[in-house]
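Overview (structure and organization)
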There are 2 protein chains.
Amino acid sequence: MISGQNYIGNQASSQGSQTLKAYNPTDGSEFPESFTAATSGEVDAAVEKAESVFSAYKSVSYEQRAQFLEAIADEIMDLGDALLERASGESGLPTGRFQGERGRTCNQLKMFAVILRDGSWLDVNIDTAIPDRAPVPKPDLRKMNVPIGPVAVFGASNFPLAFSTAGGDTASALAAGNPVIVKGHEAHLGTNDMVTQAVLRAAEKTGMPDGVFSMVNGGISVGQQLVKHPKIKAVGFTGSLLGGRAIYDLASQRPEPIPVYAEMGSTNPSFLMPDKLAADPEGLGNTFASSVALGVGQFCTSPGLLIGVKSDALDTFTSTLSQALADASPATMLNERIATSYYDHRGALIEQIGVETLGDASNPGENKGKPLTAKVDGQSFLNNPKLHEEVFGPFTMVVECEDANQMAEIANSIEGQLTGTMVASEEDINNHPEVAEALSRKVGRLLFNGVPTGVEVCHSMQHGGPYPASTDSRTTSVGTAAINRFVRPISYQNWPDSLLPDPLKNSNPLGIWRAINGERTKAPIE
Amino acid sequence: MISGQNYIGNQASSQGSQTLKAYNPTDGSEFPESFTAATSGEVDAAVEKAESVFSAYKSVSYEQRAQFLEAIADEIMDLGDALLERASGESGLPTGRFQGERGRTCNQLKMFAVILRDGSWLDVNIDTAIPDRAPVPKPDLRKMNVPIGPVAVFGASNFPLAFSTAGGDTASALAAGNPVIVKGHEAHLGTNDMVTQAVLRAAEKTGMPDGVFSMVNGGISVGQQLVKHPKIKAVGFTGSLLGGRAIYDLASQRPEPIPVYAEMGSTNPSFLMPDKLAADPEGLGNTFASSVALGVGQFCTSPGLLIGVKSDALDTFTSTLSQALADASPATMLNERIATSYYDHRGALIEQIGVETLGDASNPGENKGKPLTAKVDGQSFLNNPKLHEEVFGPFTMVVECEDANQMAEIANSIEGQLTGTMVASEEDINNHPEVAEALSRKVGRLLFNGVPTGVEVCHSMQHGGPYPASTDSRTTSVGTAAINRFVRPISYQNWPDSLLPDPLKNSNPLGIWRAINGERTKAPIE
């Protein structure tokens, strides 16, 4: 079932001599298969094939494209338990988790099928002509979104299904009409291989042109070649700030710069406001402990900063939280690199001036992530940007402020975030409006209570925030709006109706919402 | 009326010792005023003031913001003929032209006032909660666009009103709720000074916070300081590829990269298809001659490439065109730099292999732009990327192809364009679908006949194309969608109705279109 090959469209290919191996992080054991890294010729062939079918693929009807996406979901389901077990084996996460993640991945694909049918993503605007306008006639102008060309996708290690081979980036780029080339993630080579074949089977079954999807394995040089290739027109990435920024820099230095949508994580600050905190400090401590430990803290929305005003309630919260995290069992992290990096980054942070460690900061080994709480005073936090950095893993830091003013100062001092949470009563918000106001400038999603982990896939989700949360705060990598990253508008001026694309025709043959002279309607143009 | 000062919000300021002078390109004479270049302290003060009022300005109601934009239009009209005369004096363009451009500028400001009232720019999406969903409850999520922070604007020399101080970039950034700092254009210092004061009067009259608009004069270093300033969150630019790319590079290399919306011009290829061309080669030759010579060719949509198949009809077209352009009087260009650059670039191009000059290629001096036609065969054009470059001014080149296949090859070989025109009958499009298909990939606006000069300000305009036409082909610098450049979405999760911003409240107090669970409606949420 696992081929270990690259796929230049439907063509399996392994011309190179360098191979990669997949590992089980639980015990460090190797999986039996070898995966051949793509040669530079294979990477080039994949992009050239994508480019050569772009015109054919974007001409496929939206209905057929929707069926392609639905077929991918079906083929992923047909992989059955073997997929769940492989994903679990390569990530150390339980199979139950992958049941959920698989559902999310398939729902995501189906969601884009829905918007392909309803046409909302086309954002059609029509301004009709006024031939006798003085001093010059007003032309007929009709605008819609079109795909941009071949897209390179780099998946994330922490979501081997939902943010990888057939995850949100691939689904939205394909939905928009762009061929996709996935760089297989080195931390889940087998999972990627299985899903790649599922996508290709779906493409064949639904009659998509060969080349609409390719997958290349390899290291940094394969990734760099993709990003620099003149026929790649955009990049989707989920991962670390270091990786995302390197890709962004490479893409912006090209002769023709291209957009890079890098979602790079966050500390996801939560502000524990006095009134709300006083009402149930223990309950909140336990709730946040669960959120911090969830998935061994390996979520980009994991709450890494908890900011409150010095008080008995905050003390109770902090001791409940740190006790719950101390009691939580260490669990296997995604891979050795992630585990090492967790202890390195955490270690560098807790040795900073003013930081107090609340619990056992040892490393149990075997790639296990042991949860930990730290505490720091507000002024030390403000003085030291090092403390603002994300530690990817089950670690959180309580910031003890002098007063609500210092909370607002902290909200003003932090960098861009995917999420920010106001743990607050309505009274808290009204008493200290400056905190939520400052926080709102820094985040893509602003929660009123609850925890930031859990990212709903829907129209109104914003998963992306000011830098360094993402490289383009105007876009989201989750939800229907993710498709906007891979389209651009084109205006047709004075075209005869018969030659216009369907979304722009007078009769509105697709029956979609359009804005005609600024008014939204599904009506045809008489 | 002209102060020669910088404006840190409402505060006139001239602390520097370096001064700039305004020139009349017609005779090279100096205007009497001196303009003080901003010091680095003044630039910093302008940005800090913008940042300090951002929170206040974005809290101003959309209705008040609309009134501010309308007041700017009123204040510009109140400058009367003095403005038209000054703009004419600084640009060499006739005052009649500025009557039109002033109207366009004011209409643009008023257009953004309209969309501030109708709320379309907010792009509200609401997904309501499903508290009893298994396995996890669905949260309530409500998304809307919000401003991003202080914006730096660099205007264009060729539209001293419509693409400068209070032009489309400023109007759309202000409409979105962002304070604006304009870098005064050195080629129309007096015009910029007058319009700056008009904007500030409008801000005061409508009670906007001091700092919502600032203007600094100076050279490259002032511009660089603005682009690099950590509190600047986006840049709007209209001008040359060289200038736009330099700003893009600077912005993408910042610790926190920011979006740069640079509109950098185009050769605007027109494909003269056989059937249409044969019907009226002389008429088309004259039509395109007028478009090439319009405004001394100083439009980013000026038709610089005319591509046809070798034929008697193309010969007739070419001789009519070249004769009409030879007969057109040379006219004063915007400034000495633009005139020099016109002859330099044109000279470098017409000395390339295969290029034939059809007319007198001399430079009459006195900053006058003399129209010229050149001709080249299709293969030479394909072989030589130098021939694909824009010559800013009244110059155009006929490319004589072997057949329609070569036309398609040329469409495939050119770089990104603001516009492309199919001079065609419906039969032509059906006979040679590959030409329009290839062209559609390269352009933001695709015309069916007519000429590309003339850019309608409306909802459906796309003024921006694949690089190097602009740095972000997903956006437009003309029309209502220009506001999308200066906003980002934010999602509110589980907020109580009373604390939500008005656009997201259940009752829909603004009465705007919203998408609720994917369905568009103006209805409240019960």
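Residue positions are counted from 1 within each chain, in the order its sequence is given. For naming, the first written chain is A and the first written ligand is 1, with later ones following in the order written. Totals for whole chains, interfaces and linings use all residues, but because this is a predicted model, local features are given only for residues with pLDDT of at least 70 and pairs of side-chain atoms are given and counted only at 80 or more.

Below, the discussion takes up the overall build of chain A. In DSSP terms, a helix is any run of H or I states spanning at least four residues, a strand is any run of E spanning at least two, and both are numbered starting from the N terminus. Assigned secondary structure in chain A consists of 16 helices and 23 strands. Relative to its length of 526 residues, chain A is compact, with a C-alpha radius of gyration of 25 Å against a globular reference of 24 Å. Over its C-alpha atoms, taken along the principal directions, chain A stretches across nearly 75 × 65 × 40 Å. Each residue is classed by its C-beta neighbour count within 10 Å, where at least 20 other C-beta atoms makes it buried, 12 or fewer makes it exposed, and intermediate counts make it partly exposed; the C-beta atoms are placed from backbone geometry. Looking at the 526 residues of chain A, the share that counts as buried comes to 60%. We call two residues in contact if the C-beta atoms placed from their backbones are at most 7 Å apart. Long-range pairs, those at least 24 residues apart, make up 75% of the contacts in chain A with a sequence separation of at least 6. Atoms considered for the radius of gyration are the C-alpha atoms alone. The globule rule reads 2.2 Å times the number of residues to the power 0.38.

This part covers the relation of the copies chain B and chain A. Only residues with pLDDT of at least 70 in both copies contribute their C-alpha atoms to the least-squares superposition of the copies. Screw-axis analysis of chain B against chain A gives a translation of 0.0 Å along the axis, an RMSD of 0.0 Å, and a rotation angle of 180°. Such values leave the two copies arranged in the relation of a two-fold axis. The position closest to the rotation axis in chain B is occupied by the C-alpha of Ser252 of chain B, lying 3.4 Å away. With an isologous cut-off of 70% or more, the 100% of interface residues of chain B that recur at the interface of chain A puts this contact in the isologous class.

The next point concerns the interface of chain B and chain A. Listed as interface residues are 53 residues of chain B and, on the opposing side, 53 residues of chain A. Taken together, the elements giving at least two residues each to the side of chain B that touches chain A come down to β5 (125–127), β6 (141–147), α8 (241–252), α15 (426–431), α16 (433–442), β20 (443–448) and β21 (487–493) of chain B. Each pair of strands is called paired provided DSSP finds at least two bridges between the two strands. Bridging between strand β21 (residues 487–493) of chain A and β20 of chain B involves 3 bridges; their strand directions are parallel. Directly across from Ser491 of chain A, in β20 of chain B, lies its bridge partner Arg445 of chain B.

Now for the pairing of strand β18 (residues 395–401) of chain B. All names here are of chain B. With respect to burial, β18 is a largely interior element, 7 of its 7 residues being buried. Burial along β18 is two-sided: the face carrying Phe395, Met397, Val399 and Cys401 and the face carrying Thr396, Val398 and Glu400 are both buried. In this structure, strand β13 (residues 305–309) lies alongside β18, joined through 5 bridges in parallel fashion. Bridge pairing in β18 links Leu306 to Val398. Where strand β17 (residues 372–377) and β18 come together, 6 bridges link them in parallel fashion. Across the sheet, Asp377 pairs through a bridge with Glu400, a residue of β18. For a crossover, the right-handed case is the one in which the path from the first strand over the helix to the second runs clockwise, viewed with the strands pointing away from the viewer. Running through helix α13 (residues 378–383), the crossover from β17 to the neighbouring parallel element β18 is right-handed.

Relative to the helices and strands, Val43 of chain A resides in helix α1 (residues 40–59). Other than its neighbours up to four places away in sequence, Val43 of chain A contacts Ala38, Val216, Val222, Gln225 and Leu226 of chain A.

Here we take up the sheet that holds strand β15 (residues 356–358) of chain A. One open sheet accounts for 12 strands, arranged β15(A)-β17(A)-β18(A)-β13(A)-β12(A)-β19(A)-β20(A)-β21(B)-β6(B)-β5(B)-β22(B)-β23(B); its pairing is mixed. Each edge of the open sheet carries a strand with a single partner, namely β15 of chain A together with β23 (519–521) of chain B. In this sheet, neighbouring strand axes are inclined to one another by 25° on average, regardless of whether the strands run parallel or antiparallel. Axis definition: a line fitted to C-alpha atoms, over the contacting stretch in the case of helices. Angles run 0 to 180 degrees between N-to-C directions.

To continue, consider the pairing of strand β11 (residues 260–263) of chain B. All names here are of chain B. Residues Val260 and Ala262 of β11 are buried on one face, and the alternating residues Tyr261 and Glu263, pointing to the opposite face, are buried as well. The sheet contact formed by strand β10 (residues 234–238) and β11 spans 4 bridges and is parallel. Within the sheet, the bridge partner assigned to Gly236 lies in β11 and is Tyr261. Viewed along the sheet, the connection from β10 through α8 into β11 turns out right-handed.

With that settled, the discussion passes to the packing of helix α2 (residues 62–78) of chain A against helix α6 (residues 189–205) of chain A. Residues and elements named next belong to chain A. In the contact formed by α2 and α6, the axes pass within 8 Å of each other and the chain directions differ by 135°. Put simply, α2 runs oblique to α6. When the axes of α2 and α6 are compared, the crossing they make is right-handed. Only Val195, Ala198, Val199, Arg201, Ala202, Ala203 and Lys205 of α6 make contact with α2, whose side of the interface consists of Phe68, Ala71, Ile72, Glu75 and Ile76. Throughout, the ten residues Ala, Val, Leu, Ile, Met, Phe, Trp, Tyr, Cys and Pro are labelled nonpolar, Asp, Glu, Lys and Arg are labelled charged, and all others, Gly among them, are labelled polar. In terms of residue class, the contact of α2 with α6 is made up of 9 nonpolar, no polar and 3 charged. Roughly parallel refers to an angle under 35 degrees, roughly antiparallel to one over 145, roughly perpendicular to one between 65 and 115, and oblique to any angle outside these ranges. Crossing handedness: left-handed means the near helix sits turned counterclockwise from the far one by under a right angle, and right-handed means the same turn made clockwise.

Another aspect to go through is the environment of Leu174 of chain A. Residue and element names in this part refer to chain A. You can see Leu174 is positioned in helix α5 (residues 168–176). Look at Leu174 and you get buried, because 30 C-beta atoms sit within 10 Å. With 39 residues separating them in the primary sequence, Leu174 and Phe213 have C-alpha atoms 8.5 Å apart. Non-local contacts of Leu174, meaning those with residues more than four positions away in its chain, are made with Leu69 and Val180.

Attention shifts here to the sheet that holds β17 of chain B. Spatially, 12 strands are ordered β23(A)-β22(A)-β5(A)-β6(A)-β21(A)-β20(B)-β19(B)-β12(B)-β13(B)-β18(B)-β17(B)-β15(B) in an open sheet, and the strand pairing comes out mixed. Sheet topology places β23 (519–521) of chain A together with β15 (356–358) of chain B at the edges, where each strand pairs with a single neighbour. Neighbour-to-neighbour, the strand axes of the sheet open up by a mean angle of 25°, direction not taken into account.

This part takes up the packing of helix α14 (residues 404–413) of chain B against α16 of chain B. All names here are of chain B. Where α14 contacts α16, the axes come no closer than 8 Å and their chain directions differ by 10°. Classed by the angle they form, the pair α14 and α16 counts as roughly parallel. Residues Ala404, Met407, Ala408, Ala411 and Asn412 of α14 form the contact with α16, whose own contacting residues are Glu434, Val435, Ala438, Leu439 and Lys442. Of the residues assigned to the contact of α14 with α16, the class counts are 7 nonpolar, 1 polar and 2 charged.

Cis geometry is found at the peptide bond from Tyr467 of chain A to Pro468 of chain A, where omega equals 10°. Summarising the element assignment, Pro468 of chain A is placed in the loop between β20 (443–448) and β21. Of note in this structure, Asn449 of chain B is not a glycine but carries a positive phi near 65°. With respect to the helices and strands, Asn449 of chain B occurs in the loop between β20 and β21.

The periodicity of an α-helix, 3.6 residues per turn, causes residues three or four places apart in sequence to face the same way. Of all 9 residues in α5 of chain A, 9 are buried, a share of seventy percent or more. Taken residue by residue, α5 of chain A has Gly168, Asp169, Thr170, Ala171, Ser172, Ala173, Leu174, Ala175 and Ala176 of chain A as its buried positions.

Here chain A shows a mean pLDDT of 97. Residues at 70 or above account for 100%. Confidence metrics for the complex model read pTM 0.97 and ipTM 0.97. Per-residue confidence from the prediction method is given by pLDDT, with values spanning 0 to 100.

Next up on the list: helix α3 (residues 80–91) of chain A. Residues and elements named next belong to chain A. Expected span of a helix, by definition, is 1.5 Å for each gap between consecutive residues, and there is one gap fewer than residues. End to end, α3 covers 18 Å across 12 residues, agreeing with the expected 16 Å (1.5 Å per residue, within 8%). Leu83, Leu84, Arg86, Ala87, Ser88, Gly89, Glu90 and Ser91 are the residues of α3 that are buried. Residues of α3 that are buried in the fold lie against β3 (19–24), α2, α4 (95–118) and α6. Looking one or two places after α3, you find Gly92, whose phi comes out positive at around 80°.

Below, the discussion takes up the environment of Met397 of chain A. All names here are of chain A. Considering the arrangement of structural elements, one finds Met397 in strand β18 (residues 395–401). A tally of 26 C-beta atoms within 10 Å means that Met397 is categorised as buried. Separated by 296 residues in the primary sequence, Met397 and Glu101 place their C-alpha atoms 28 Å from one another. When residues no more than four places from it in sequence are discounted, the contact partners of Met397 are Gly304, Leu305, Ala374, Lys375 and Val376.

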